[in-house]
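A structural walkthrough
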Amino acid sequence: MSTVGAGIHLLDQAAWASLTGPHAHFAQGTGQALRYPADVSPIMAVPPVQDELVWADLHALIGPGELAMLSGDLSAPPDDWELVHQGDGVQLVATDALRTRAGDDLVTLGAADVPEMLDLVARTQPGPFKPETYRLGTYLGVRRGGALVAMAGERLHPPGWTEISAVCTDAGHRGQGLAATLVRAVAHNIRGRGETPFMHAAADNVNAIRLYRSIGFEIRRTVLFSMLRSPARKP
């Protein structure tokens, strides 16, 4: 089993495993608190076990009165940290039942496509997506009449695993199987590297979870997404 120490599976601390592993070149911060550049992703990470030094390093990383976006199992933060929001989610992993395919009619998205990608995200709200998020991995899209109407791509990258993220379809083009086609195609690339696809979804996004399970993903565990505000005092 792949672990990040103390018998903790990599996927239990996926962001930490990513920023200390294949995405270390993106990492900003110290050995106890890491983040992606703000224009790449708002995701931040701390070690599997958090003590006062970890919270102090996170405070120093983001500054006073700023938001920290964390996921996974967290110890209770110090009293002067404010819990702004928590949301329940699920983590899904690909099984042998997932049949992947290249999707020859899809387009690879890059820097020139960012304005359209941001517009699609703003209209469909699949989760955080920034102007440089596309740099985290391969993003594929569907165009109709030249317009970008659906996309999906790669985000977190723990060793041996890659997250499929930003799965979204314009409202006028839903019900055509575009999301399934995109997920299968992104997963095809991931498996081609000898890695295993995984995903996250909000626990109340029952339609997405139903789709992912129907094509060969299974729920591995529940996940807690937390937004905390750092103390207003200087670190």
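So, a few notes on the structure that sits alongside this text. Quick caveat, the model's predicted, so the values are computed rather than measured.

**Overview of the overall build of the protein**
Within the protein one finds 5 helices and 11 strands. Here the protein has a C-alpha radius of gyration of 18 Å; the compact-globule value for 235 residues is 18 Å, and the two agree. In terms of overall dimensions, the protein has C-alpha extents of about 50 × 40 × 30 Å along its principal axes. For the protein, the proportion of its 235 residues judged to be buried stands at 47%.

**A look at the nonpolar core**
Ranked by size, the top nonpolar core spans 28 residues in total, and within it L92, I164, V167, V183, M199, Y212 and F217 carry the most contacts. For this core, the elements supplying multiple residues, two or more each, are β5 (82-94), β7 (139-144), β8 (147-154), β9 (161-169), α4 (178-192), β10 (196-202) and α5 (206-214). A per-element tally of this core places α4 first, with 9 residues. Those residues within four positions of V167 in sequence are excluded, and the remaining contacts are P126, M151, A152, A179, V183, M199 and Y212. The next biggest cluster of nonpolar side chains, apart from the first, holds 18 residues, and it includes L11, W16, L19 and L136.

**Here's the deal with helix α3 (residues 114-124)**
Of all the positions in α3, only V114, M117, L120, V121 and T124 are classed as buried. Mapping the buried residues of α3 onto a view down its axis gives an arc of 125°, with all of them on the same face. Buried residues belonging to α3 abut β6 (107-109), β7, β8 and β9. Following α3 by one or two positions, Q125 adopts a phi angle in the positive range, close to 55°.

**Structural notes on α5**
Buried within α5 are the following residues: A208, I209 and Y212. Seen along its axis, α5 keeps its buried residues to an arc of 100°; they face one direction. Seen from the open side of α5, the exposed residues pointing more than 90 degrees away from its buried face are N207, R210 and S214. Where α5 is buried, its residues touch β5, β9, α4, β10 and β11 (217-229). Phi turns positive one or two residues past the end of α5, at G216, with a value near 125°.

**Focus on the packing of aromatic side chains**
Within this structure, the stated rule accounts for 5 aromatic pairs. Here F129 and Y139 contribute two aromatic rings whose centre-to-centre distance is 5.6 Å and whose plane-to-plane angle is 80°, an arrangement assigned as edge-to-face. Here F129 is found in the loop between α3 and β7, whereas its partner Y139 is found in strand β7, with 10 residues between them in sequence. As far as the burial class goes, F129 and Y139 line up, both buried. Aromatic side chains W161 and F198 sit 6.4 Å apart centroid to centroid with 85° between the ring planes, which places their arrangement in the edge-to-face category. Pair noted here: W161 is in strand β9 and F198 is in strand β10, with a separation of 37 residues, a long-range link. Judged by its relative accessible area of 16%, W161 falls in the buried class. A relative accessible area of 0% places F198 in the buried class.

What counts, and at which threshold
Residues numbered from 1 in each chain as written. Predicted model: local features only at pLDDT ≥ 70, side-chain atom pairs only at ≥ 80, totals over all residues. Heavy atoms only, no water. Helix = DSSP H or I, 4+ residues; strand = E, 2+ residues; numbered from the N terminus. Rg over C-alpha atoms; globule rule 2.2 N^0.38 Å. Buried < 20%, exposed > 50% of the residue type's maximum accessible area, 1.4 Å probe, protein only. Core = buried A, V, L, I, M, F, W, Y, C linked by side-chain atoms within 4.5 Å. Contact = heavy atoms within 4.5 Å. Arc of directions from axis to C-beta. Phe/Tyr/Trp six-rings, centres within 6.5 Å; stacked < 30°, edge-to-face > 60°.

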